[in-house]
Each structure stands twice: as C-alpha cells, then as structure tokens.
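Below are the chains, spelled out letter by letter.
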Amino acid sequence: MSDLQEEEDLARTKLDRGTALRLWSLTKPVRRQLLLLAALEAFLVVSIVIRPWFLAEAIDHSIAGTATVGLITLLLLGLLTTWLVRFGGAGVVQWMTGNVALRLLGDLRRQLYAHVHGLSMRYFDTTRAGRIVSRVDRDVEALQPALVNAIPEFLGVILRFIGASVAVILIDPWLFAVLAPLLPILLVVATIFRKTGQQLWGKVAEAKSRVTAHLCETITGVGVIQQSAAEANNRSHYGSMLTTLDGCAVRASYSWGWFQPFTFMLVTLGIAALLLVGGYHLAEHRITVGQLAQCVFYVFLFLGPLQELGDLTERLSAASAAAQRVFLLLDTQAEIRDATDAKPLPAVRGDIKLIDVHFSYLPDKPVLNGINLHIAAGETVAVVGSTGHGKSTLVQLLTRFYDPGSGSVTIDDHNLRSVTQDSLRRQVAVVPQDNVLFSGTIRDNLRLARPDATNAELDTAVRTLGADEILFALPLGLETECGAGGSKLSHGQRQLVCLVRAFLADPRVLVLDEATSAVDIHTERRLQRALARLCAGRTAVIVAHRLATIRDADRIVVIRDGCIVEQGAHQELLARGGAYAALYRSSAEAAGETG
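Residues numbered from 1 in each chain as written. Predicted model: local features only at pLDDT ≥ 70, side-chain atom pairs only at ≥ 80, totals over all residues. Heavy atoms only, no water.

### Comments concerning the nonpolar core
Here is a general trend for soluble globular proteins: nonpolar side chains tend to be buried in one another's company. The following threshold applies: Buried residues of nine kinds, namely Ala, Val, Leu, Ile, Met, Phe, Trp, Tyr and Cys, make up a nonpolar core once their side-chain atoms join them within 4.5 Å. The buried label goes to any residue with under 20% of its type's maximum accessible area, the exposed label to any with over 50%, and the partly exposed label to all in between, with areas taken from a 1.4 Å probe on protein chains only. Every helix listed is a DSSP run of H or I at least four residues long, and every strand listed is a run of E at least two residues long, numbered separately from the N terminus. Residue contacts are counted whenever heavy atoms from the two residues lie within 4.5 Å of one another.
Grouped together as the largest cluster of nonpolar side chains are 45 residues, with contacts concentrated most on Ile442, Leu446, Leu471, Leu499 and Tyr580. In terms of residues, this core owes the most to one element, helix α19 (residues 491-505), which gives seven residues. In contact with Ile442, other than residues within four places in its own chain, are Leu471, Leu474, Gly477, Leu478, Thr480, Cys482, Leu489 and Val497. One finds Val93, Met96, Leu108 and Val326 within the second-largest nonpolar core, a separate group that totals 31 residues.

Take a look at the structure:
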C-alpha cells in the first residue's frame, strides 16, 4: 500500500481509544502542568457560576427596598471581582497553554525528526518528501487541541454545566426540568455533526498534504519546469489542487456551520421556556425576580458549555486524522536495522567480497542476479554498464542502505549485517552523483565529515587534492556560501567540495557514483587528478558512465542485466572486443573521441 493510500484510509477513520491513549502517553512530560491548568480552569468556573448570584441579590434587594449603598457596593465589588478573576485567570491559562504547547510539540517534532533520519532508504525512495514535511510540521501543529487544550477545556465545560445545573435545581427544580429536554437533543445533534466533520476534516488534512508535497517537489525542480516551459501547466495543476483543498475545507466548515445557529436556537427556546415557567412561578411567589434573572444567565452556562464541547469536538476531529498520520510515521520501522548482536566494525584494510548476491527493489523484478565479486584491499575497481543494469545498486549494498535478498556482502570477511551501520559508514565514504551540499559555507559543508577540523586542516585537505586553484579562487574562498543544495556553486565546484569532504572523512573504502559526470573536459581533468589522490592507498569502487575517465582503474567490471559479463584491465577488455569494447566505442563516439 502506498503512503497516499494509507493517508486516504486514515482520512476516513475516527479517533479510536488506542489513538487517544497514545496521544495521552505523549503528554507524560507535561502532565503536572496540564493538571495545574485543569485546577486553574476549575477555579475559574467557580467565579463564573457565582457571578449571577451577586446580580440576583442586587435586583431583589433593590425591588424589596432593602438595598443600601454599602450592600450594593459590596455586591458590585463581588461581581467585579469575579470578572477580574475570570479575565486575569484566562490570561494565565492562555500563557500556560502556550508554554505547554511549545514544549510538547517541540519534543514531538524532535522525536519525529530523529525517527525520520533513522529510516531506511527504501522509505525515502517510495515516499514523497512533501508528505514527510507535512507530517512533521503541519500535522504536529494540528495535534495541539488534542494534546494540550482537551483536558482543561473539557473539564471547564463539564464543571460549568454541572455548576449551572446544580444552581438552577437549588433555585427551582421545575426550571431545570424545563431545560433538561434540550440536553439530549443537543447531544444527538452534536454527535451527528461530529461524525460528519471527522471524515471531512480528515479529507482536508489529506488535501493539505498533497499540496505541500507538490509545492516541495516543484520548488526543488523549478529549473526543470522553467527549462521545459511548463510553468503554465504547473500553475494550472497547482491551482486545481488548491481548488480541491478549498472545496474540502468549505464542505468541512459548512458541515459545522449549521451547528452554532442550531445551538443558538436551542438557547432561545430555553430562555423562552424558562421565562414562561419562571414568570408563572414568579406570580406565585415561588421565586424572586432576581432568581429568575439569575436562571436566565444559567441557561447560557447550561447550553453554552455543550456548544463549546461541540467546538472542541470539531477541533479534535481535525486532530484525529493528523494524529493517526503522525503515528503512521512513528510506527514505520527502518528496514535496515542493526542486529541485536551487531558489533562495531574494527579498522579494516578494505577487502570487499560480494558472494552470490541477488537483489530486487520490487518483487519479481530482479536487479542483481548472483553477483560474485572480490575487490582486494587498495584496489581501484570501476563498475560500468548501461543505465538500469545494477551499477548504482552495488553502491547501495556496499553502504548497507539496502540488504541483498540473498547472498552476502563482506569487508575484511565481516558480514555487513553483523556490524553496526554507524561504524560501517565511518569507514565507507560515498561521493554521489547528486553532489549533496547544505546551506552554509564551504567550510561548514566540509566539517560534516570532520566536525573538529581546524581551518588550517581544511585548507590543507583542499590543497592536497589540488582543489585549491578553483575553491580558493572564489571571492570568499572557503567562506563562500553554498546556497540551498549548493545552488551558488557550479557543478564542478560542488563535486570538488564533495571530494574534499570524502578525503577529510579518511575512509578505508571509497565509493564514487558517477562522480565526474556532467562537467566539461577541463574540469573533468582537475577532478581526475583529485580522484587519483583521493583513491591512493584506499579501496575504491568507481561507478562510471563516461568510460574515458576510468582507463587507469586496476580492474573494470562490466554489468549487464544484473550479472557480471566481463572484467579485466582497460586494454585487456578492449582487445577482447566484447561488451566493454562496445560500450567504450559508444562512449567515445558520444564524446567525439576517436579512441
């Protein structure tokens, strides 16, 4: 099942008990603050419930002619105090809620970030980056109502409802009997709206995820879009996605838009019924005018909390889909994990063996078929072949981004499955074709390999590889900003930075995946000299498309349809006139060379 199908299924599910319990478990670090918030909310409810009493006393004493300046002053001060407590306490509640939310959501984001970076490459190969960003960012933000606001707000709603009910019963049980039939009506209607809204808000969350995913992809590939003159089509597609999102949001809002007017209607009916019965009881002197006015206020406290409960339920509906999407990510396990008895890989010489290796990305679509290859320590081996025949897959296996379906990969007779991934990758460095750089200076990117390297050591590494003529010639030298993805550097400059970074890592095994592709001949020659220095004294595996760049390799391995069909030195393979010779002629013709 694809990630899109999983999210669409989650958009149709409800917040079940299991998900609610998992949400509750996330609040463990802040439960003391949540309990304090709940206690403060309960105190504020008391100030709300007693407020109408002061007003009732003032009315009754005024009508009875027993009101004095001192009494009215005390009653007004009491009423003012309840308002001050309410507004002051509400401000404190908002401040505390904000602090708790920042801590809780921040912790969850850090947990998700660490989890995502521990997932295997297959997950990233099959999941759009925008969906991952949406889950870590937008979906986490949507959890605040469920994680932070739910407990204090729910407690406040219940306490206000109970307080208003008890107060009305103490004044006149018949008045409560008039209001009570409205309760089941409101609850039934709220349940109907909640179920409808839960599904609709889930679809809104999914539509937002699609928009975010598309936005991330098109920003990353904006150069290709402009080069293809596809801006108009892309804008049209993005606009249609926004239209879909707007439609989902409108339908979700529309479904809840009728709930508030409905509650207003019930409140109006409640007040009308209360005044009718209350007026009759007032005529019979069973209640006072002040008590009737007090009960009118309690109507809002009686039905208002239930309306707020509906609003809270609406927000929880939106959070439920987000919660399950977040948990879907947290439940995704890394395909490649260290064995329970895995040990750190000791310092190696770099002797590599692939023994009867079979591998496929998809079932029934093999990529490698029974590969047997021995690369001696310190040997430079080039792997060549047509696109899609399994060259780069060898890179994935040597770094254990993937495990073979059968067979084994060893370094110095250590099976890669039996050593920790971290210790393996500290001794196996990869220079990918993509030349991945991050925002920051060239020095910042070089220090990814050696965080403790001094500026002098970085300068020495650049000179050692012969990259100083290009990198030091930049206006700011190694202090030059790379830009997002290295966008401020040329392709050749980025490749040189990646080679220096690999040199600083000082690996025993070096894997170069099309590391000199897409550059001019002058830059390629500089890169070749840097590569020669980088590979010296190390085991090197070079995946190459431009065959003219690997003539000096100790051995060349030709892969076709996932099998090794030839191997040997450059001149030896040319003399055979086999698969390598044909590839070399094609490469030379494409490059305009004669031999």
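Moving on from the coordinates now.
### Remarks on the sheet that holds strand β2 (residues 365-375)
The cut-off we apply is this: We treat two strands as partners when DSSP finds at least two bridges between them. Here, axes are lines fitted to C-alpha atoms. For helices the fit covers the stretch in contact, and angles between N-to-C directions go from 0 to 180 degrees.
Strands sit in the order β2-β1-β4-β5 across an open sheet of four strands; the sheet is antiparallel. Across the chains shown, the open sheet's two edge strands, defined by having one partner strand only, are β2 and β5 (414-415). As paired strands, strand β1 (residues 352-362) and β2 are joined by seven bridges and run antiparallel to one another. Within β2, the residue paired with Leu362 across the bridge is Lys365. Sitting on the sheet, helix α14 (residues 391-398) is in contact with β1, β2 and β4 (406-411), with an inclination near 110 degrees to β1.

### As for the packing of helix α4 (residues 69-117) against helix α7 (residues 144-171)
Operational definition: Helix crossings are classified by the rotation of the near helix relative to the far one: an anticlockwise turn of less than a right angle makes the crossing left-handed, while a clockwise turn makes it right-handed.
Two elements in contact, α4 and α7, have axes whose closest approach is 10 Å; the angle formed by their N-to-C orientations is 145 degrees. At the point where α4 passes α7, the crossing takes the right-handed sense. Judged by residue contacts, Thr97, Val100, Ala101, Leu104 and Leu105 of α4 engage Gln144, Leu147, Val148 and Asn149 from α7.

### Let's talk about the packing of aromatic side chains
Under the convention used in this document: Here a Phe, Tyr or Trp ring, Trp counted by its six-membered ring, pairs with any other such ring whose centre lies within 6.5 Å, and the pair is stacked when the planes are under 30 degrees apart, edge-to-face when over 60, and tilted otherwise.
This structure, assessed with the given rule, holds seven aromatic pairs. Measuring from ring centre to ring centre gives 5.2 Å for Tyr361 and Tyr402, while their planes differ by 90 degrees; the resulting arrangement is edge-to-face. Remark: Tyr402 occurs in the loop between α14 and β4 and Tyr361 occurs in strand β1; sequence separation between them is 41 residues. Here Tyr402 falls in the buried class, since its relative accessible area comes to 2%.

### Thoughts on the sheet that holds strand β6 (residues 428-431)
A sheet is described by the order of its strands in space; here six strands give the open sequence β6-β7-β8-β3-β9-β10, paired in mixed fashion. Every interior strand has two partners, whereas the edge strands, β6 and β10 (563-568), have only one. Strand-to-strand twist in this sheet, taken as the mean axis angle between neighbours without regard to direction, amounts to 20 degrees. Note: β6 against strand β7 (residues 509-513), four bridges, orientation parallel. For Val430, the partnering residue across the bridge sits in β7 and is Val511. Helix-sheet contacts for α19 involve β6 and β7, and the interaxial angle to β6 is about 175 degrees.

Nothing here speaks to function; it is geometry throughout.
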